[in-house]
Structure formats: structure tokens, C-alpha cells
Amino acid sequence: MDLDLAEEQQMVIDMAKAMLEEHCPTQLVRDMEDDPNGVPTELWGQMGELGLNGLLIPEQYGGGGLGLLEAAFVYEELGRAMAPVPHFVSCVMSAKVLLAAGSDAQKDAWLGKIADGSAILTPAWLEPERGQGERGIALEAKSEGDGFKLTGRKRSVPYAAVADQLIVLARTEAGVDLFLVDPNAAGITRKQLLSQGREPQYQIDFDGVTVSAEDRIGEAGTGWATWNACMHEGIILLAAQAIGGADRCLTETVDYANQRIQFDKPLGAFQALAHYMADASTRIDGGRVLVHEAAWNADQGRSVSRFGPMAKLFCCEAYRETTRVCAQIWGGVAFTIEYDQQMFFRRAKALQLSWWDTPYLEELIASDVLD
Amino acid sequence: MDFDFSPEEQKFAEEVENWLVENRDPVVMDHHRENFTQLSDTPERRAFMKKLAAKGWLGMSWPKEFGGQEIEGVYEYILNEALSKHAAPQIGKGVGIIGKTLIRHGNDFLKEKFLPLILDAEVEFAVGYSEPEAGSDAANMQLKADKVEGGWLLNGQKMWTTSAHFADWYWVGARTDPDKPKHDGLSLFLVDMDNPNLEVQSLPTIGKDTTNQVFFDDVFVPDEYLVGKQGKGFQMISEALDLERFTMFTLSPIANRSDVLVDWVKEAKRDDEPLKDDTNVRRTIAHIVTDTAVAKALSTRFVCAAKSGGKPPTIESSQYKLFTTSLSQRVCKDALDIQGHEGTIMEGQDDAPLRGRFEGAYRATMNETVGGGSSEIQKNIIARRHLGLPKNF
């Protein structure tokens, strides 16, 4: 048992940290908020060049073939920088779905481009008034000839304006299936809905969109199983992202608490405030090890049916709670747009609500333990 | 990074586990005693510790020169987790803070007298730091030690000495130099509990066992029973805590309670429906299981920090203690909430759910966030040493 980093792992962290410090200043994060495209060209290019986009993609497709643990290290840095990039939707979820169930043709067509950043894929998953489980998929994919016709509405599709392909979860006669869909195909309309985390998100209407049989990912009726397995690993990285955001939020708050004087002493000398920060640091440090343990287990080929949901449940709540108590320490300025605290505060809650929210994760864990 | 024990550590864990199963004894191993299971306070439990000694499992991390095996402290951690999982007495004060302090600072007389007794499980200790005026402010001990011909005369009072009613020897902090600053005026002594001028008074608690207050009325302690240098008591107390992170607060009892609760929920019914189908129960269980995994992660963190042999894992240990003790109480509270009105049926009665395990545990764990450095003290340590915030008291 040891928590030491291998030399290569430390190098990955240092590289991501240095690149983000240089290419992802907070001003860039602010500039990208609500931007319809939302992809900062220079930063995205850097990530592709440094191999960060192909992190999880095997070498044969031009990726780095690294494990989930290394990806978790990078995600902590992405979270710390609040990096406004379509990495999770494209390089994690879409890549994982294709790797898990894609045909050779699908993998050959997209994985290399995902790895070098020249293509962005994004999943179209959630729907209005529907939940985050298998039952939530209602968008209809009706068999027609040797293909399908898609009709329905998707919500909260990140980066849909710049996506080269959508991965659409749809209801077929066989159950749930995944389809690669060109977002510019006839019958598709995209409308941006502003979101709390301020990444570009779209509502997409499908009005009889034609999809060929070759664009289905995997065997008929296997879509949810594929998606579910990829989500269990993907959310471990979002947990890492939450830890990175929480850690930076706390670090900046500690600095402020050491400088800001009230009643003739620094804020940090008041136990009521110091104890908030001590609690937050405990949750962050514990959550970080939980994330690493979850990712390490995934890399060992062990089940993460419990670890994945536990990591996201705990770390997203740790992030949210950290931003709440830090706001108490900053006081009124935390409420202003001028200060950065509000950026963490909004992102923490948005991350907690996205990609399986608290009740959904609780049920996944309970089911793994009790049923 | 590796979250598994090494093959050697794994082998040792299995050996201990098998041995504990073979030596199962309901008189010695009683989960209903909760945290008091760690004490060797009955003849049966002392006999059990003799068996552990015969296995060579006491003082494993000690230097060979003093009868140890010089193996890593993580083996003592594995041993104690296994012992506490089975509600068996644990290796603790003797091979831990007292033995290790004697090895580093004790005179030859004390080493020769006590170290073999510790390794053979022939001696039980009580530790006396707390006093009426020295609670969280541990350095504020007032118990006086006046120099007299051939020794010291101790007068005053100790509080919360859990083992005083059965221990053989008393490891006591006393003020030898009242004119020096409070941290520099303390010394450590070993006092024979049979001393007639020592009076042990039981303090019943809402847990199932008692603790004690101890009164010193001209208790004479010979010179050779002064531990280390005069005036270095507080430094030795702090150092010992840092030396002894591996065996401090075991996670197994909490993990065990979580498991017991989960198993019970799986089978229980309410209004003829399985209790496990209740959404609130399911949410509660999800959080208990998750927080228990975080506690384990925090324990992994301090064990790895301690293993690395660098600076003592004070911060990691404080974070673990802070999180885990509050979780421990939360598990008991949640269990009672799930059991509802039946949860109030007092422990020990067959009609109570789980024979009242959680009714009793709810009371017994109340002290965990206070004893051994309160949660607030842990937060002060984390705030100052980890985050670099100013002194706040």
C-alpha cells in the first residue's frame, strides 16, 4: 500500500499544471462563459499537442493509452483551472463509448481525431421531464428501411454547436441504442440554453432525422449497458475535477483569510472560520484518495459499480460545501461578479447536478449494497 | 500508487484473521462492549493477550535489542485492525507510547524492568495526563511532584483514567518545575497502582464502562521511576503520539457497525414491507457506505504517510480522527433513526433490534469526538499546521 506517484505520473501532473497555468488564466474562463461555441482555440490546441486529449485512447489510434488514474490526476488540474474545454464529452465519454462498443470503422473514423483534437464528439443524453436512468431515454429511433428515424428532444447537450458528431441515446424496439449523428443533418435544430456552470449547452430537436444502420454503436439494445459502464468510469474523473476546483477555492480562501483584517486580526485567527476551512480540507484530502482508489481499481480491472458513484457523490458535495463555507469567509465580495469565488460556487453546484445527480448516485450505491 | 497490501502484509493479515477465527471466544470478543473491547481488563482478556504475546505479536516494531523484530509499523496496524474487527483486546499503550518512550528515553532500570513485562503481556498500564484543569489544554497539568530524599512526592488529581481500576502501573505526567513555562515544567513518572496513597474513584458513564478519577495524597515515587529527563514530559508525550500513529484509532469497529446495519436492513420489515425498499433508508445507507469508504481513504493516507518514515503524519492523523469519529457517531444515530421507536429499547434485551447494539453504541460513541483530542483541537491542528492559518486561541 502506498500513495506515492511514479515518476511518469508526476510528469503528467506537472505538464498539465504548467500548461494550464500558461494557457488557461481565469480571464479566459470568464471570456468563455456563455460563448455559443465555448472552445478556446489556443488552449484546446495545446491540449491536443501535449497528448492530453488522447490520454485514454489506445496508442493504435494515436492516443497515449494511459489509465484512469493518470486521467484523474489531469482532471484535478482541469478542475483547478476551471478549464473551459469539451474534454469530458469528447475525449472521455465519446471516446469510451466508441472504444467499448464501436465498430472498427467507427473507431478508425473518430478516435484519431478525438485524440488530436481535430474533432469534437458530444453525447446527447438527457431529455426534458425525464430522469437520468435508462427509463429516461424516450427519444424515438424508429426502424425505417435499413436505418432509423430519430424524433424527440434532447437537453443539456454540451458543446453541440461545435460538435462534429453527436452520440445520441435513443429508444428503439430493442431497448436503448447509441447512434452517431451528424449535428448538421436535416431535421436537427439546436438552441443554446444558458446554464449555471456557463459552459455552452444546447437543447436539440430531432424531427425525423435519418440515421443509417452503420451509425448504431454496438449491437441492438446494448446502448444503455455501454453508456452505464462508461459513466461509471467517467464520473470518477468528474470527482477528480471537483476536488481540483474545491482545492483551489480553499487555497485562495486561506490566502484571503491570512490577509484580511477584522477586529485587528486576520480572519484566519477566528476559530469559527478556521474550522470551516479545516473541515473543508479534510473532505478534500479524503475525497482525493477516494478518487485515486476508485480510478486505481478501474485500472486493475475491478468493478467500480460502487466506487464510481461514491467518488462522485462525495467529491461533488465536498466541492459544493467548500464553496459555501468559503463564501462565508470572503463575505459580501463572494456575491459579486468581480471576485472569482462565484465562479467556483456556480460550477460546484452545476457539476453536482450533472452527469448523475445526488439522488441517482445514492440509489446506485444503495442498490449495489442492499439488493 | 497501490491500494493493496504487499503480498507479505497480505499473508500476515490472513494469518492473524485465521488465528482469530480459531481462537474465537465470546467472553473475550464481545462487540457490545464497543470501544472498551480494546482493554485487557478481565482475567480472560489478559489470558488472551498472553496468547498474542506467545505468537510474537507484541512489540513487532521494536528494535531487536529490546526483544522486537524491527518490522514496519504497518504490521501493528494490520494486527490492531484485525483485533478490533473481532472485538478482541488490542495492542496499545504498553507496546505503543509507553514501550516506545522507554526505549528512547527510559533509564536502564526502567527498560530492564518493564520492556520484558510488556512483551510477555504481564503488565497493564493506565495513562494519566488529563486533570480537572487540563482537558484540551493538556499542558496545563497541575499534579505536583516535589523533590524529596530519594524520590518525588506526588499530590493532586487525575481525570478520565480509563484503565485505573485494573492497571498495574500508572504512566503519569506531573509538574516538577512550577516556575518554568507550562510546557517545560512537566515530567513523566511510572507509579505503582498498588501505592496505598493513590485513590481510584470510579466515574460511571453513559457508555457501558466506567472511567476513573485518581487522587494522589503524598504518593512517593523513587528517583529511578522518573522517565527520561526532568522537565521533558510534554515533549515526550507529544513525540510518543507521533511515534504511535499506527495503532491509534482503528476503523474496523466503525466498518463493522456499518456492515451490521446493512445486514440488518436487508432483512428487516416494516408494515410488512422490506425496510430496504424505503427511499430514506436507501439514501442513508448510501451515505454511510460512502463516508466509510472516505474514512478508509483517510486511514490509507495516514498509514502511507507513516510508512514513508518522513515527518510524523500529524495532519493526516488529525484529519482521520476528525472525520472518522464523527462518522462513527453518525452511523449510530442513523441506525437508530432507521430503527425508529424500537431503537429506544435498551441494549442487552433480546426483544431489541440487534439486541440493542445501536442503542448502546449511540451512547458509547458519544465520547469519541472528545477523547484523544477533541474534534475542535483536531481542527485547530489542521488549520495551523496544514493550512498555515494563524494561531486562533
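The model shown is predicted, which means the values in this text are computed figures rather than measured ones. (Residues numbered from 1 in each chain as written. Chains lettered and ligands numbered in written order. Predicted model: local features only at pLDDT ≥ 70, side-chain atom pairs only at ≥ 80, totals over all residues.)

Okay, the overall build of chain A next. A count of helices and strands for chain A gives eleven helices and ten strands. Here chain A has a C-alpha radius of gyration of 21 Å; the compact-globule value for 371 residues is 21 Å, and the two agree. Taking the principal axes of the C-alpha coordinates as reference, chain A spans close to 80 × 45 × 45 Å. The 371 residues of chain A split such that 54% are buried. Counting contacts in chain A only where the partners sit at least 6 residues apart, residues at least 24 apart contribute 75% of the total. (Helix = DSSP H or I, 4+ residues; strand = E, 2+ residues; numbered from the N terminus. Rg over C-alpha atoms; globule rule 2.2 N^0.38 Å. Buried ≥ 20, exposed ≤ 12 C-beta atoms within 10 Å, placed from the backbone. Contact = placed C-beta atoms within 7 Å.)

Within chain B one finds eleven helices and ten strands. Based on the C-alpha atoms only, the size of chain B along its principal axes is roughly 75 × 50 × 45 Å. The proportion of buried residues among the 393 residues of chain B is 46%. For chain B, contacts bridging at least 24 residues in sequence account for 68% of all contacts bridging at least 6.

This brings us to the domain arrangement of chain A. Residue and element names in this part refer to chain A. Split into domains, chain A comes out as domain 1 (7-119), domain 2 (122-221) and domain 3 (224-370). Taking only C-alpha atoms, the centre of domain 1 and the centre of domain 3 are 21 Å apart. Here the side of domain 1 that touches domain 3 takes ten residues from helix H4 (residues 68-81), the largest share from any one element. For the side of domain 1 that touches domain 3, a count of residues per class yields 14 nonpolar, three polar and four charged. (Domains from an automatic or database assignment. Nonpolar A, V, L, I, M, F, W, Y, C, P; charged D, E, K, R; others polar.)

Residues and elements named next belong to chain A. In contact at an axis separation of 9 Å, helix H7 (residues 223-259) and helix H8 (residues 271-299) are set at 155° when each is read in the N-to-C sense. What the angle tells us is that H7 and H8 run roughly antiparallel. The way H7 lies across H8 gives a crossing that is left-handed. Contact residues: Glu233, Ile236, Ala239, Ala240, Ile243, Ala246, Asp247, Leu250, Thr253, Val254 and Ala257 in H7; Leu273, Met277, Ala280, Ser281, Ile284, Gly287, Arg288, Val291, Ala294, Ala295 and Ala298 in H8. Along the lines of polarity and charge, the residues of the contact of H7 with H8 split into 16 nonpolar, three polar and three charged. (Axes fitted to C-alpha atoms, helices over the stretch in contact; angles between N-to-C directions. Parallel < 35°, antiparallel > 145°, perpendicular 65-115°, else oblique. Left-handed = near helix turned anticlockwise from the far one by under 90°.)

Right, let's talk about unusual backbone geometry for a bit. For residues other than glycine, phi is negative in most cases, and the peptide bonds are mostly trans. One non-glycine residue with positive phi stands out, namely A:Arg198, at about 65°. Among the structural elements, A:Arg198 can be located in the loop between strand E6 (188-192) and strand E7 (201-212). A:Arg198 gets classed as buried once you count the C-beta atoms within 10 Å, which come to 20. Backbone geometry places B:Leu354, a non-glycine residue, at a positive phi of 55°. Mapped onto the secondary structure, B:Leu354 falls in the loop between helix H9 (314-339) and helix H10 (357-364). Given 22 C-beta atoms within a 10 Å radius, B:Leu354 is considered buried.

Before going further, it helps to examine the pairing of strand E1 (residues 125-128) of chain B. All names here are of chain B. Burial along E1 is two-sided: the face carrying Phe125 and Val127 and the face carrying Ala126 and Gly128 are both buried. Summarising the sheet, E1 and strand E4 (residues 169-175) pair through four bridges and their orientation is parallel. Across the sheet, Phe125 pairs through a bridge with Trp169, a residue of E4. (Pairing = 2+ DSSP bridges.)

The next thing to look at is the confidence of the model for chain B. Put simply, chain B has an average pLDDT of 94, and 99% of its residues get 70 or more. Predicted complex metrics record ipTM = 0.96 and pTM = 0.96. (pLDDT = per-residue confidence, 0-100.)

Attention now moves to the domain arrangement of chain B. Many descriptions give the size of an interface as the accessible area lost when the pieces come together. Residue and element names in this part refer to chain B. Annotation of chain B at the domain level lists domain 1 (7-91), domain 2 (126-231) and domain 3 (249-386). Taken residue by residue, the interface counts four residues in domain 1 and four residues in domain 2. Of the residues assigned to the side of domain 1 that touches domain 2, the class counts are two nonpolar, no polar and two charged.

Glancing now at the interface of chain B and chain A. Contacts between the two partners involve 39 residues from chain B and, on the opposite side, 38 residues from chain A. Every element with two or more residues in the side of chain B that touches chain A is listed here: helix H7 (252-267), helix H8 (279-307), H9 and helix H11 (375-386) of chain B. The dominant element in the side of chain B that touches chain A, judged by the number of residues it contributes, is H8(B), at 15 residues. Its residues assigned to classes, the side of chain B that touches chain A shows 22 nonpolar, six polar and eleven charged.

Judged by nonpolar contacts, the single largest core of 226 residues is most densely connected at A:Ala72, A:Ile236, A:Ala239, A:Met277, A:Val291, A:Ala311 and B:Phe189. At 17 residues, the largest contribution of residues to this core is made by H7(A). (Core = buried A, V, L, I, M, F, W, Y, C linked by C-beta atoms within 7 Å.)

What follows is about helix H11 (residues 358-370) of chain A. Taking 1.5 Å per residue, 13 residues should reach 18 Å; H11(A) reaches 18 Å between its end C-alpha atoms and fits that length. Along H11(A), the residues classified as buried are A:Leu361, A:Glu362, A:Leu364, A:Ile365, A:Ala366 and A:Val369. Along its buried surface, H11(A) packs onto helix H9 (307-330) of chain A together with H7 and H8 of chain B. (Expected span 1.5 Å × (residues − 1).)

Before going further, it helps to spend a moment on the packing of H9(B) against H11(B). Residues and elements named next belong to chain B. Running from N to C, H9 and H11 cross one another at 145°; their axes reach a closest spacing of 9 Å. Once H9 is placed against H11, the crossing between them reads as left-handed. Where H9 approaches H11, its residues Thr314, Ile315, Ser318, Gln319, Lys321, Leu322, Thr325 and Ser326 are matched on the opposing element by Ser375, Gln378, Lys379, Ile381, Ile382, Arg385 and His386. When its residues are assigned to classes, the contact of H9 with H11 shows four nonpolar, eight polar and three charged.

Mapped onto the elements of the fold, B:Asn23 is located in the loop between helix H1 (7-22) and helix H2 (43-54). In the structure, B:Asn23 is positioned 28 residues away from B:Lys51 in sequence and 9.5 Å away in space, judged by C-alpha atoms.

Moving on to the environment of A:Glu8. Looking at the element boundaries, A:Glu8 is found in helix H1 (residues 7-23). Taking the C-alpha atoms as reference points, A:Glu8 and A:Pro183, separated by 175 residues in sequence, lie 38 Å from one another.

Before going further, it helps to examine the environment of B:Gly373. Residues and elements named next belong to chain B. Positionally, Gly373 belongs in the loop between H10 and H11. Residue class for Gly373 comes out partly exposed when judged on the 19 C-beta atoms lying within 10 Å of it. Considering only alpha carbons, one finds Gly373 and Leu322, 51 residues apart in sequence, at a separation of 9.3 Å.

Moving on to helix H5 (residues 108-119) of chain B. All names here are of chain B. With twelve residues, H5 extends 16 Å between its outermost C-alpha atoms, agreeing within 8% with the 16 Å of an ideal straight helix rising 1.5 Å per residue. Taken as a whole, H5 has its buried residues at Phe114, Leu115, Ile118 and Leu119. End-on view of H5: buried residues confined to an arc of 125°, all on one side of the axis. In H5, those exposed residues whose orientation departs by more than 90 degrees from the buried face are Phe109 and Glu112. Structurally, H5 contributes buried residues whose contacts are with H2 and helix H4 (94-105). (Arc of directions from axis to C-beta.)

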